[in-house]
Amino acid sequence: MSNVAMHIYMAGIDETVRHRLLQITGFQPREMPFRYLGIPIASQKLRISDYTTLLDALTSGVVDRIYSICRSFMWTTPRPPIAWAELCRPRREGGLGLRDLSAWNRALLAKVLWRLQDKQDTLWIRWVHHTYLQQSGVWGWTARHGDSPLLKQILQIRDSILETAGSPAAAEQLLSEWFQQPRGVARAYDFFRGVRPLQPWVQTVWQSSIQPSHSFTLWLLARGRLPVRARQDYIPDRQCVFCGQAEETLEHLFFQCDTSGRLWGRVRAWLHMRPAMTTFQSMLRTFRQRYRRSYTVTSARHIAMAALVHHLWSARNALIHEGRQLDEERLYRRVQTHVYRTLGVYTD
Ligand SMILES: [Zn+2]
């Protein structure tokens, strides 16, 4: 064993002891954090960047645990209104743009697979080739009992790429298309998560003039996932809490109910919006109209429509859960004040 290659990591000792230890051992001092078998070792709290290698190859159990923490952060109800996989879609596809960790992990491992078949010259790649691939090559390689979970995961990914591509040559072509260009992992990520068509309401829901909490309510409405009574089988009373005259569906609560109808009427009169607001689709059409003389009026309309939807939903919840009666005048004033504040127009 040669002392030249030996390093020592020290933490929590004073300079004199440190110096003496180096003299006695003849080792080279090194700084923490460092990686041992891929795990970051540190004497202090790890920085986010120190976790990168761990995140690069998470096992599915860890991914599931992270999902479950995120899920309970997002929703307080035991039955989340939208599946986690849907939240992980990009906004343009109707999701919230969270990252699907399991697909991202597969994309990162696909990059390792690409390096393997491309025989890129790193120590690990050379070792894998020497140990596993001498006879079979990447595409004929089979897992043996006792191989590491990482290698087995890479093989699973190879098989799913091979299945889609149809042949080893086509699979190699696919890997090169992804990884010979910048943002290769993002391309592979799209492959593993599956791309969906664009949603027509996305621009409307997430426009920057609308407050994020209002966008969120609008987003749930657009996806048809606000938990109105008509969507809840276990609730015996399904009547609208505002009027008691009809089943509480999304269309009724927000557009057809007399209560919401009166509020829409006031907002429309105030901002000179002509089309009737009787369905979600008619609201979307109004969102897309541009008021030709004024950008501010267009913005005011968007902000007001989103605020009205949001406050109607809050008022409905306050009535159901706290028995607080809806004050139409107050709700209308809140919408108006919110519009003025957002546009920077202050009134008393
Ligand atoms: Zn009603």
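Residues numbered from 1 in each chain as written. Predicted model: local features only at pLDDT ≥ 70, side-chain atom pairs only at ≥ 80, totals over all residues.

### Here's the deal with the overall build of the chain
Here's step 1: Across its full length, the chain carries 17 helices and four strands.
Here's step 2: The long-range share in the chain, meaning contacts at least 24 apart out of those at least 6 apart in sequence, stands at 50%. (Helix = DSSP H or I, 4+ residues; strand = E, 2+ residues; numbered from the N terminus. Contact = placed C-beta atoms within 7 Å.)

### As for the nonpolar core
Here's step 1: In this structure, Ala 304, Leu 308 and Val 309 are the most contacted members of the largest nonpolar core, which totals 33 residues.
Here's step 2: Those elements that provide at least two residues to this core are α12 (212-222), α13 (250-256), α14 (258-270), α16 (295-322) and α17 (328-343).
Here's step 3: What Leu 308 contacts, discounting residues up to four positions off in sequence, is Leu 263, Trp 264, Val 267 and Val 335.
Here's step 4: Ranked by size, the runner-up nonpolar core spans 18 residues in total, among them Trp 104, Leu 109, Trp 114 and Phe 179. (Core = buried A, V, L, I, M, F, W, Y, C linked by C-beta atoms within 7 Å. Buried ≥ 20, exposed ≤ 12 C-beta atoms within 10 Å, placed from the backbone.)

### Let's talk about the packing of helix α5 (residues 101-117) against helix α10 (residues 184-193)
Here's step 1: Contact geometry of α5 with α10 gives a least axis separation of 8 Å together with a crossing angle of 125°. In this view, α5 runs oblique relative to α10, as classed from their interaxial angle. As for how α5 packs across α10, the hand of that crossing is right-handed. In this structure, α5 uses Ala 103, Trp 104, Arg 106, Ala 107, Leu 108, Ala 110 and Lys 111 to contact α10, whose residues at the interface are Gly 184, Val 185, Ala 188, Tyr 189, Phe 192 and Arg 193.
Here's step 2: In the contact of α5 with α10, the residues fall into nine nonpolar, one polar and three charged. (Axes fitted to C-alpha atoms, helices over the stretch in contact; angles between N-to-C directions. Parallel < 35°, antiparallel > 145°, perpendicular 65-115°, else oblique. Left-handed = near helix turned anticlockwise from the far one by under 90°. Nonpolar A, V, L, I, M, F, W, Y, C, P; charged D, E, K, R; others polar.)

### What about α10?
Here's step 1: Listing the buried residues of α10 in full gives Ala 188, Tyr 189 and Arg 193. The arc enclosing the buried residues of α10, seen along the axis, measures out at 130°, which places them on a common side.
Here's step 2: The inward-facing, buried residues of α10 abut α5 and α9 (168-179).
Here's step 3: At the exit of α10 stands Gly 194, carrying a positive phi of roughly 80°. (Arc of directions from axis to C-beta.)

### Considerations on the environment of Leu 113
Here's step 1: In this fold, Leu 113 is placed in helix α5.
Here's step 2: Residue classification places Leu 113 among the buried positions, given that 21 C-beta atoms sit within 10 Å.
Here's step 3: Residues Leu 113 and Ile 125, spaced twelve residues apart in sequence, show a C-alpha to C-alpha distance of 9.7 Å.
Here's step 4: Excluding anything up to four places from it in sequence, Leu 113 contacts Ile 154, Ile 157, Arg 158 and Leu 175.

### Looking at α5
Here's step 1: Its 17 residues place the ends of α5 24 Å apart at the C-alpha level, agreeing with the 24 Å of an ideal helix rising 1.5 Å per residue.
Here's step 2: Listed in full, the buried residues belonging to α5 are Trp 104, Asn 105, Arg 106, Ala 107, Leu 109, Ala 110, Leu 113, Trp 114 and Leu 116. (Expected span 1.5 Å × (residues − 1).)

### Looking at the environment of Gln 120
Here's step 1: With respect to the helices and strands, the residue Gln 120 is situated in the loop between α5 and α6 (123-132).
Here's step 2: The exposure class of Gln 120 is exposed, given the 12 C-beta atoms found within 10 Å.
Here's step 3: The residues contacting Gln 120, other than those within four sequence positions of it, are Arg 115 and Ile 125.

### Notes on unusual backbone geometry
Here's step 1: Its identity is not glycine, yet Arg 183 carries a phi of approximately 60°, on the positive side.
Here's step 2: Mapped onto the secondary structure, Arg 183 falls in the loop between α9 and α10.
Here's step 3: For Arg 183, a count of 10 C-beta atoms within 10 Å translates into the label exposed.
Here's step 4: Backbone geometry places His 272, a non-glycine residue, at a positive phi of 50°.
Here's step 5: On the basis of neighbour count, His 272 is assigned to the exposed category, with 9 C-beta atoms found within 10 Å.

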